[in-house]
Amino acid sequence: MRKPLFLASAGLLSAGLLAVGAHALFPRASTAVVPPPPIPAPAASPPVKVTREGVSLAFSLALAPRPREAERGSSLQATSRLTLTDARTGEPLAGRRPLAWMRLRPQGEPAPDEAACRQQVKTYLGGLMSARADVDFNAYWFLTLNHDQTISVINPQIAFDRTKLQHLVSVGGGAADWALLPDRSAVYVTVPVMDTVSVVDTERFLVTRPLRVGRQPGRIALSPDGLTAWVSNDGDGTVSIIDTPSHAVREPVEVGTGPHAFAFSDSGRTAWVSTREASTLTALDVATSEVLGRVDVGAGATGLAWSEVARALFVARPGTHEVVVVDTARREVSRRIPVQGGLDALRFDNTGRWAFLVHKDAGTVDILDAARGQVAHTLTGFSAPDAVVFTDAFAYVRNTTDSRVSLVELKTLEGAGRPAVVQITMGQRPATEARELGMSDPIAPLPEGNGVIAAGNADRALFLYQEGMMAPRGTHLNYGREPRAVLVLDRSLREVEPGVFSARGSVRENGTYDVQVLLDNPRVVTCLEWKVGGVPEDASLARTLPLKLTPEFDAKRTYAPGQTVPLRFRLEPTAGNGQAPVAPEEIRVLLFKTPGTWQVRTEPRRVSDGLFEVDFAPPSPGQYKFVVGVEGRGLDLGRLPTSTLGVSQPLAAALTSETSP
């Protein structure tokens, strides 16, 4: 079973090889599994090769300007390609779980030997912010859609004492729904009060543009190929279609009074749109937006779900206590299945056979067998359930009036016996204590199918759960914000063909890079060398920083050990670059002793606009460093000017220490 990196521990085996839990976080849509578009193979320089422990590794890197964002400056997109083969037979080593990093080697420093290579990999696995790779091909984040018009970007991989909040993105208004593009380049967020969809760049983590759609956009759904996004304009009876490669909005299509729901049939070629007020479903050609036909199902449709098993569309009509089955080929109703009223969610599992019908008011869940066209089970004992999300083994049903998540084991749905249900407590406070629950999924599956990350709205936290456990494996704070929804953004190495793994990263500087590779099976750790020479050298692009750091403390002062003093500094946008003011949540401050192991990582307090403060409490005499980073603005730790602080005993204290018995 594949385990994500953040669930596993890293250490040294007796043979000296690093052991690390495997990872493979490939985002999965909540309704259907859609393979992401392929990453193009690097072209240009031939790969560098090495053989270790019977494994042949070949690494290559291709640089290209970032698509859609020419203003990004000197940073280029780097696409890595790592090929693993059996050194004896030449057969590809499929299903492996490699990790890879790139470190810019300082001029004059020799290539690392085997021991130095192993030590560097061990350091990266430790997750220290002060030891980050220049290019990380294993990065992933948790994204939360919050109550306060923001998206939190939480990095679970870093070892940070007070916060793992990497970025905070303002989307321009209260958000209704969101969707992550399959190429993971952007998140679309509907903002009803602005009649827009915000495009959030998932590399810089900022809104690059608002897209004007219809009135009061609500739900958003991606077509299976990811090339179009479909937006419910609840205020004017239309839907807007966005061509995702260009972020271009087509002319809206009249479908009837919303809210609307979406589903896709015919291998994604046909989009189906329901309206709550009108009695018809509308079928549209995904490529052209042309209306292909309509099917009268009756008014009050609130949800749609396509079943590949039944080759039919299932329509929720809670007002009439029924699910309507539509033959999409004939475009006619083929069956009406009676169910309980108050139907709040209709969703199929990953096989397309079992539809879960969630009834919040009744506290029950009906499980419909699409192969037989009837309700196979009715489960009770839920507390106002409102949402369901699937892994390969379980259905996760959120309860809103207590803090339980109910896990229904899917393999027990066969037969007439009662399906197995496990109750897992996630957090302390029920979701109903939050300001609002929202329409997006509050639970996101870990794509290898063995767990989830769940949003604790009222607890203002995320809960990481691994299947087989009786409690969450970990908790990540959301720093005072209520997470209405959560998703996983993954950019780690993924297998694009047997034995070939690829990922994207950012390269900012030319030079010689050490490429560290860690393979889990067999255990291999090795370093290769790759030379980068295509990054622009234009000083106006490469050396102009978006923020200016000005220390307000006296760096030449001698500080006393054991005393706490505030260090104030100004951090403001560079004149004329259009940057927004910096928030304290964006800033990372690192204080550490050189040499030594003492270090403190923290976020500052805001004193006034652009003025921040941290406490400095050196434990012993010596030399200390003050380092500031704002990763959301492209300023990793060390890119802004650093300060050196001297700490020594006051003269009187030193004399007393010397003369005391």
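Cut-offs used in this document
- Residues numbered from 1 in each chain as written.
- Predicted model: local features only at pLDDT ≥ 70, side-chain atom pairs only at ≥ 80, totals over all residues.
- Heavy atoms only, no water.
- Helix = DSSP H or I, 4+ residues; strand = E, 2+ residues; numbered from the N terminus.
- Buried < 20%, exposed > 50% of the residue type's maximum accessible area, 1.4 Å probe, protein only.
- Areas by Shrake-Rupley, 256 points an atom, 1.4 Å probe, with all protein chains shown as cover.
- Pairing = 2+ DSSP bridges.
- Core = buried A, V, L, I, M, F, W, Y, C linked by side-chain atoms within 4.5 Å.
- Expected span 1.5 Å × (residues − 1).
- Arc of directions from axis to C-beta.
- Axes fitted to C-alpha atoms, helices over the stretch in contact; angles between N-to-C directions.

Here we take up the overall build of the chain. The secondary structure content of the chain amounts to three helices and 53 strands. Counting all 661 residues of the chain, 53% fall into the buried class. With an accessible surface of roughly 27400 Å², the chain has 50% of that area assigned to carbon and sulfur atoms.

Let's shift gears to the pairing of strand β31 (residues 374-379). Taken together, the five bridges between strand β30 (residues 364-369) and β31 define a ladder with antiparallel strand orientation. Within β31, the residue paired with Leu368 across the bridge is Val375. Connecting the antiparallel pair β30 and β31 is a turn made up of four residues, with Gly373 showing a positive phi of about 70 degrees.

Turning our eyes to something else, we now look at the nonpolar core. Counting residues in hydrophobic clusters, the biggest one holds 27 residues, and the most contacted among them are Phe59, Leu61, Leu84, Met102, Phe137, Val507 and Val532. Elements that contribute at least two residues to this core include exactly β4 (55-64), β5 (76-86), β6 (99-104), β42 (500-507), β43 (511-519) and β44 (524-532). Counting 23 residues, the second largest nonpolar core, distinct from the first, contains Leu549, Phe553, Phe569 and Phe616.

What follows deals with helix α1 (residues 114-125). Spacing of three or four residues puts side chains on the same side of an α-helix, whose turn is 3.6 residues. Over its 12 residues, α1 extends 17 Å from the first C-alpha to the last, a length consistent with the 16 Å expected when each residue adds 1.5 Å. Listing the buried residues of α1 in full gives Cys117, Arg118, Val121 and Tyr124. Along the axis of α1, the buried positions cluster into a sector of 120 degrees, meaning they face one direction only.

A separate point is unusual backbone geometry. Here Asn521 and Pro522 are connected by a cis peptide whose omega angle stands at -5 degrees. Summarising the element assignment, Pro522 is placed in the loop between β43 and β44. Notably, Arg311 is not glycine yet its phi reads approximately 50 degrees, a positive angle. Structurally, the position occupied by Arg311 is in the loop between β24 (303-307) and β25 (312-317).

Turning to the sheet that holds strand β28 (residues 343-348), a few remarks are in order. Sheet architecture is open: four strands sit in the order β28-β29-β30-β31, paired in antiparallel fashion. Edge positions in the open sheet fall to β28 and β31, since each of these has one partner strand only. Each adjacent strand pair in this sheet contributes to an overall mean axis angle of 20 degrees, direction not counted.

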